[in-house]
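Commentary on secondary and tertiary structure
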Amino acid sequence: MEKRENQKKVSRRNLIKAGSKTLIVMSVLPTGMIIGKEKAWAVKAKSLKIDTFATLIQVSRDIYPHDKLEDNFYAKVVEGFDSAAGKSKADKDLFENGLVGLEQASMGKYNKKYRDIGWETQRVQLLRDIEKTTFFQGIRGSLITGIYNNQEAWPLFGYEGESAPMGGYLNRGFDDISWL
Amino acid sequence: MDNKFDLNDDGVVVVIGSGAGGGTLGSELALKGVKTVILEAGSRHEIPDFKNDEWGMFGKISWLDKRTTSGDWRVARDFSGLPAWIVKAVGGSTIHWAGASLRFQEHEFNVKTLYGDIPGANLLDWPLDLKEMEPWYSKAEDRMGVTRTNGIPGLPGSNNFKIMKKGADNLGYKHCHTGRMAINSKPRDGRGSCLQIGFCFQGCKSAAKWSTLYVEIPKGEATGNLEVRPNSQVIRIEHDNYGKVSGVLYADKSGNKKIQKARVVCVAGNSIESPRLLLNSSSSKFPDGLANSSGQVGKNYMRHMTGSVYATFDKPVNMHRGTTMAGIITDESKYDPSRGFVGGYEMETLSLGLPFMGAFLDPGAWGREFSSALDMYNHMAGMWLVGEDMPQESNRISLHPTEKDQYGLAIPNVHFDDHPNDIAMRNHAYRQGSAVYDSVGAVRTFPTPPYPSTHNLGTNRMSSKARDGVVNKWGQTHDIKNLFISDGSVFTTGASENPTLTIVSLALRQADRIASEMSKKNI
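The rules behind the values
Residues numbered from 1 in each chain as written. Chains lettered and ligands numbered in written order. Predicted model: local features only at pLDDT ≥ 70, side-chain atom pairs only at ≥ 80, totals over all residues. Helix = DSSP H or I, 4+ residues; strand = E, 2+ residues; numbered from the N terminus. Buried ≥ 20, exposed ≤ 12 C-beta atoms within 10 Å, placed from the backbone. Contact = placed C-beta atoms within 7 Å. Core = buried A, V, L, I, M, F, W, Y, C linked by C-beta atoms within 7 Å. Pairing = 2+ DSSP bridges. Axes fitted to C-alpha atoms, helices over the stretch in contact; angles between N-to-C directions. Nonpolar A, V, L, I, M, F, W, Y, C, P; charged D, E, K, R; others polar. pLDDT = per-residue confidence, 0-100.

Looking only at helices and strands, one finds seven helices and three strands in chain A. If you list the helices and strands of chain A from N to C, you get α-β-β-β-α-α-α-α-α-α. Per-residue burial for chain A yields a buried fraction of 34% across its 180 residues. Across chain A, the fraction of contacts at a sequence separation of at least 24, relative to all contacts at a separation of at least 6, is 58%.

Another aspect to go through is the nonpolar core. Residues and elements named next belong to chain B. Grouped together as the largest cluster of nonpolar side chains are 186 residues, with contacts concentrated most on Val13, Val14, Ile16, Val248, Val265, Cys266 and Ala311. No other element matches the eight residues that helix α12 (residues 500-519) contributes to this core. Apart from residues no more than four positions distant in its own chain, Val14 is found in contact with Val37, Leu39, Val248, Gln260, Ala262 and Val265. Listed in part, the five residues of the second largest apolar core include Ala121, Leu123, Leu124 and Met390.

Okay, the sheet that holds strand β9 (residues 264-267) of chain B next. The strands making up a sheet associate through hydrogen bonds between their backbones, and the pairing can be parallel or antiparallel. Residues and elements named next belong to chain B. Strand order across the open sheet formed by five strands is β5-β2-β1-β9-β17, with parallel pairing between neighbours. At either end of the open sheet lies a strand with only one pairing partner, and these are β5 (226-229) and β17 (483-485). Within the sheet, the average angular offset between the axes of one strand and its neighbour, ignoring direction, is 20°. Sheet topology note: the strand β1 (residues 13-16)/β9 ladder contains four bridges and is parallel. Paired with Val14 across the bridge in β9 is Val265.

The next thing to look at is the pairing of strand β8 (residues 257-261) of chain B. Residue and element names in this part refer to chain B. For strand β7 (residues 245-251) and β8, the ladder comprises five bridges, and the chain directions are antiparallel. When the bridges of β8 are listed, Leu249 appears paired with Ile259. Between β7 and β8, which follow one another and run antiparallel, lie five residues, and Gly255 among them has a positive phi close to 85°.

Once that is clear, we can look at unusual backbone geometry. Within the chain, Asn231(B) stands out as a residue other than glycine whose phi angle is a positive 50°. Judged by the 19 C-beta atoms lying within 10 Å of it, Asn231(B) falls in the partly exposed class.

Positionally, Asp67(A) belongs in the loop between α2 (50-63) and α3 (71-87). Taking the C-alpha atoms as reference points, Asp67(A) and Ala90(A), separated by 23 residues in sequence, lie 33 Å from one another.

Taken together, the contact pairs 33 residues of chain A with 36 residues of chain B. Put simply, the parts of the chain that give the side of chain A that touches chain B at least two residues each are α6 (134-148) and α7 (154-157) of chain A. No other element matches α6(A), which puts five residues into the side of chain A that touches chain B. Its residues assigned to classes, the side of chain A that touches chain B shows 18 nonpolar, nine polar and six charged.

What follows concerns the environment of Glu393(B). Residues and elements named next belong to chain B. Structurally, Glu393 is set in the loop between β13 (380-387) and β14 (396-404). For the pair Glu393 and Leu123, spaced 270 residues apart in sequence, the C-alpha to C-alpha distance is 9.5 Å. Excluding anything up to four places from it in sequence, Glu393 contacts Asn122, Lys299 and Asn300.

Glancing now at the confidence of the model for chain A. Looking at chain A, pLDDT values average 89 and 88% of them are 70 or higher. Counting contacts from residues 1-20 of chain A, a segment whose pLDDT is below 50, to residues more than four positions away or on other chains yields 23 contacts.

Right under this line is the structure:
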């Protein structure tokens, strides 16, 4: 079991500068299980290497970092990659080879594995270097729907989803703005 | 199921497409007693099939057949296989349109005369004017139930509108209101009033918004003179030895090819499919495609100058609540070249749900700059910018040299380069849109690039002279007198207004003309 530094409470404004909170706390077990902070979530790598799976969770958060989202939202997207890798060797190679390249760059630049780099800015720099690759764009594209079309995430953004079954917003606040 | 009209019935009018142009034309012809067959490539969904679900409905109703793109427009980079965001279903893009129903301004029919020679622009005056269109606009507004016409009150203002209005007032804009919308503000024409559901783009669940799907087509069908055949992909238009069109070859739902004979054929497949069909219908008699003696078929593709401005505020807005586009500032739609460009633009409220905002706020962007904007989703207001773009001959729909669709037909390539005038207008619109929100205390503003095209125009343009365009002032092709074009592809220039009201007005006028010409045995 791998231990990581505890997350500290910092204000959102500071976070934009600091960004260290976003290093994901997770335990990567030899059995293939990845356990989230305080055992809030767990996923199992079935087709991808467990280290690949775990690092992809961190990469996903770094691409679309939302402090209000728990890590499991990102882990769930990576579960989709794992499942795709189980069905297609090409997909599996894309993720595994992409990760090898990312780790090589990480070691070369910071002498650390990607998940050991504490600063989001530094991790993002590694991603900027590969943002045109199929590997990166595949992950980014999946996150667009994986995160923003995840109904469980909507309330955290204040998006209310379907309204017709509730009769629309005619009597539910379409014109309730009070601060103008 | 048996067809209502026989495939060999050569007395019918065949209309290809069932959207604002085709759906209106076919229904109006039926109301006038003309036997009409509408061939629609897409399926027939009804209101219960609509879901308040952005990606779900996108997958269900969008035209997703293979297309390619080229040119310097950003859509070619961000959405290379999706140049246009339009609908493949009975009702066409009147399922997902927002409802904005604006008349052209008088000068917008004569911009070649007004603007003079603009380098790179292939401008032409329309062969008709506002005076000639006014009765048809009136008829269309009544038919569609456009607010602020015919004594119909405006829609109530949403949160998103209220922010726009406050900003407009702050900037000294004089013309800001909740729009002329083909959305019932009170019950009318057997349909209820708007429930402020949002999701106008996903199909209106309350039927308050006009659509050919559930307003026009059922009226046409009730006459017994209209048959709509969904899942019917037209492959080519056939002609006889005299050069008159004689029928239409299409593939039905099972892929079986059939020929529907016709007395008149009207093409209303939107500005990408309509020219594509004419080009794919080439023959030994018409080697460059049907109705293409001018060489203008597919050229002068316009998509409106578009863009959006979103802004975040300290406090909640909840722009997703309520009618999507019921808010407009029209002050910038005037002709005022002192701004550094000809033509004008409208500013109209717009909202996207979180799923689409993730995809469209800044396509391809990632990292904290982007995600921190979406963190403020419910504090966001938004507007769409839509203005006249310059027709350019090189902006065009052409047949792909190698790629074919499932029927073996060449797929369309959509080429578009922004004209310098388009860019100058967009930059001005971004500045003004941001200023509207800044004046209300915006924390951040976002100049959002154009989405895949919803306003596809100009590729079979209207002209008084046969050498300058594809159709005459009635939408009748210059070359083939029983072949008509009935969609936005006939637009000579784009004007600054959303095109649907003009498409519907032209279709009503064309129906009148076709019925009259048929009764005179001219066609």
